[in-house]
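# Tertiary structure, described
Given next are the chains, with one letter for each unit.
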Amino acid sequence: MKLRLPVLFTALFLYSACTVYREYPIEIYKPEEIVIPGEAKTAAIVYRNFRYTADTLQHFYMYDNQLVRAKHDPAHLDSLMAVRCLNELAIHLKNNEVFDELAVLPYNAFEKHSGDQLTALPAPIVTQLAADAVADMLISLESFSWFYSVWPADAEEHASCEVVTVSVWGVYDGVTGQPAEQKILIDTIYWNGNDEAGNVQYGRRIPSHTDALLLASAMAGESYASKFYAGWLTVNRMYSIPPLPDFSEAAYLFEEGKWDEAIEIWRRYADNRNGKMAINARYNLALACEMKDDLASAQEWLASAMNLAKSYRSKSDQKIIRTYQEVLDSRQRDLMKIEQPEK
């Protein structure tokens, strides 16, 4: 006879300190977010060259959590980054046949300008640019900002770096000059000494300051391009592993693709009598349901996990569950777009 109570008691005692969350990649179908009118066959892409007055850190970066000036930035770094971003956008739009024809306008189509607020481009300017490019639509990178951080290697960690980009995009009707869409995207790209599986790769170097910025610029263009077409997307989800042998076994089975066996273990702990362990079990069961494309059941398991987390007043669990609920809500809205018949 297996004695569960002593193990469960010990695990509950160490719960807050020892429960870990591990990422797991899954494939989801993402519909297009920006719908192009059927009559729009051609487009022009332009950089508006606008910078917010408060954006004053263009030539600074963070070194080991200390703000320092970037003394060796190449001349016209902003133009290099904008061009890389727009070219990457154009490549992905062409590869996915979003438009029949696509033109990238010169970087200096607009002179540098700044302000406290970003307003839509005046209609006459839009129609003139579109007419010159023989384009039905104008896609504008309205504003582009970035921030670079680097952490040097120490006795415990490899060197690592990160770039955060903030891009403001606008889509305009080339005939009327009126704005049709605006999006603000925040993208983060991170490098360290590990490979994609998290394994240490000795001798692997992080990109230089300039290379990291250019790679992040390309990522920003690709990220925005993906809003124009549907497709399969790899995203990371998290599942929990409390300090209990059964959960470690379930994690192993889950990673090996033996989902049903992992689900069976989690179901055994989903009952209220298992205390806070049931929060983790229900959370993991929600992920399992999502992977089986049963979003309704996934939402039910999350709601059940949230109710239990509230009864224990566990703010950390509530935050994690709420974040996942928002992700599932977004997926549900995407599916409704797919299923909704065209009018």
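## A word on the packing of helix α7 (residues 259-268) against helix α8 (residues 277-291)
The axes of two packed helices give the description: the angle between them and the distance between them. Two elements in contact, α7 and α8, have axes whose closest approach is 9 Å; the angle formed by their N-to-C orientations is 150°. Classified by the interaxial angle, the pair formed by α7 and α8 is roughly antiparallel. α8 is crossed by α7, and the crossing has left-handed handedness. Residue-level inspection shows Trp259, Ile263, Trp266 and Arg267 of α7 in contact with α8, the latter providing Ala281, Asn284, Leu285, Ala288 and Met291. Classifying every residue of the contact of α7 with α8 gives seven nonpolar, one polar and one charged.

## Looking at helix α9 (residues 295-311)
The end-to-end C-alpha distance of α9, which contains 17 residues, comes to 24 Å, matching closely the 24 Å that a straight helix rising 1.5 Å per residue would cover. What α9 keeps buried is the set Leu295, Ala298, Trp301, Leu302, Ala305, Met306, Leu308 and Ala309. The buried side chains of α9 occupy one side of the element, clustering within an arc of 165° when seen end-on. Along α9, the residues that are exposed and aim more than 90 degrees away from the buried face are Glu300, Asn307 and Ser311.

## Details of empty space enclosed by the protein
Inspection of the entire model under this criterion finds one cavity of 30 Å³ or more. The space that makes up the largest cavity amounts to roughly 30 Å³. Contributing to the lining of the largest cavity are Leu57, Gln58, Phe60, Asp73, Leu77, Trp146, Tyr148, His209 and Leu213. Elements with a contribution of two residues or more to the lining of the largest cavity: β7 (137-151) and α5 (209-225). Across the lining of the largest cavity, the residue classes tally to six nonpolar, two polar and one charged.

## Things to note about a nonpolar patch on the surface
On the surface, Tyr29, Trp232 and Ile338 cluster together into a nonpolar patch covering about 340 Å² of accessible area. By secondary structure assignment, the location of Trp232 is in strand β10 (residues 231-241).

## Things to note about the pattern of salt bridges
For the coordinates displayed, the defined rule picks out 13 salt bridges. Close ionic contact of Glu33 with Lys30 constitutes a salt bridge, the shortest N to O distance being 3.9 Å. Owing to a relative accessible area of 26%, Glu33 belongs among the partly exposed residues under this scheme. Between Glu181 and Lys183 there is a salt bridge, and its shortest N-O distance comes to 3.6 Å. Looking at Glu181, the relative accessible area reads 26%, which means it is partly exposed.

## Focus on helix α4 (residues 123-132)
Among the residues making up α4, those that are buried are Val126, Leu129 and Ala130. In a view along the axis of α4, the buried residues occupy a sector of 100°, so they form one face of it. Turned more than 90 degrees away from the buried face of α4 sit Pro124, Ala131 and Asp132, all of them exposed. Buried residues along α4 sit in contact with β7 and β8 (160-173). A positive backbone phi angle near 50° is found at Val134, which sits one or two residues after α4.

## Brief notes about unusual backbone geometry
Negative phi is the rule for most residues except glycine; trans is the rule for most peptide bonds. Residue Asn65 is not a glycine yet carries a positive backbone phi of 70°. Its place among the elements puts Asn65 in the loop between β3 (60-63) and β4 (66-69). With relative accessibility at 52%, the residue Asn65 sits in the exposed group. A positive phi angle, close to 55°, is found at Glu97, a residue other than glycine. Take Glu97: it is sitting in the loop between α3 (77-95) and β5 (101-104).

## Re the confidence of the model for the protein chain
It should be kept in mind that the predicted coordinates are not to be read in detail where pLDDT is low. Mean pLDDT for the protein chain: 88, with 90% of residues reaching 70 or above. In the model, residues 1-17 has pLDDT below 50 throughout and makes 19 contacts with residues more than four positions away in sequence or in other chains.

## Some points on the layout of surface pockets
Within this model, the largest pocket holds a volume of roughly 1100 Å³. Lining the largest pocket are 25 residues, with Ser223, Lys227, Leu233, Thr234 and Val235 sitting closest to its centre. At the level of secondary structure, the elements contributing two or more residues to the lining of the largest pocket comprise β1 (20-30), α5, β10 and α10 (315-339). Considering every element that reaches the lining of the largest pocket, the biggest residue donor is β10, with seven residues. Looking at side-chain class alone, the lining of the largest pocket contains ten nonpolar, six polar and nine charged residues.

## Overview of the nonpolar core
Of all hydrophobic cores here, the largest spans 42 residues; its most connected members are Leu93, Phe99, Ile139, Trp169, Tyr224 and Phe228. Where this core is concerned, the elements lending two or more residues are β2 (42-52), α3, β7, β8, β9 (179-191) and α5. Considering each element in turn, this core owes the most residues, eight residues, to α3.

## Focus: the packing of aromatic side chains
One pass over the structure, following the stated rule, counts 14 aromatic pairs. On the basis of an interplanar angle of 85° and a centroid distance of 5.8 Å, the ring pair of Tyr21 and Tyr283 is categorised as edge-to-face. With a gap of 262 residues between them, Tyr21 in strand β1 and Tyr283 in helix α8 connect regions that are remote in the sequence. When its relative accessible area of 4% is taken as the criterion, Tyr283 is described as buried. Grouped by ring-pair contacts, the aromatic residues Tyr24, Tyr239, Phe254 and Trp266 constitute a single cluster.

Definitions and cut-offs
Residues numbered from 1 in each chain as written. Predicted model: local features only at pLDDT ≥ 70, side-chain atom pairs only at ≥ 80, totals over all residues. Heavy atoms only, no water. Axes fitted to C-alpha atoms, helices over the stretch in contact; angles between N-to-C directions. Helix = DSSP H or I, 4+ residues; strand = E, 2+ residues; numbered from the N terminus. Parallel < 35°, antiparallel > 145°, perpendicular 65-115°, else oblique. Left-handed = near helix turned anticlockwise from the far one by under 90°. Contact = heavy atoms within 4.5 Å. Nonpolar A, V, L, I, M, F, W, Y, C, P; charged D, E, K, R; others polar. Expected span 1.5 Å × (residues − 1). Buried < 20%, exposed > 50% of the residue type's maximum accessible area, 1.4 Å probe, protein only. Arc of directions from axis to C-beta. 1 Å grid on protein atoms, 1.4 Å probe; cavity = no way out; pocket = protein on both sides within 12 Å on 5 of 7 lines; lining within 4 Å. Points joined across faces, edges and corners; volume = space filled by probe spheres on them. Patch = residues over 30% accessible without salt bridge, like charges linked within 9 Å, V, L, I, M, F, W, Y side chains within 5 Å. Areas by Shrake-Rupley, 256 points an atom, 1.4 Å probe, with all protein chains shown as cover. Salt bridge = Lys/Arg side-chain N within 4 Å of Asp/Glu carboxyl O. pLDDT = per-residue confidence, 0-100. Core = buried A, V, L, I, M, F, W, Y, C linked by side-chain atoms within 4.5 Å. Phe/Tyr/Trp six-rings, centres within 6.5 Å; stacked < 30°, edge-to-face > 60°.

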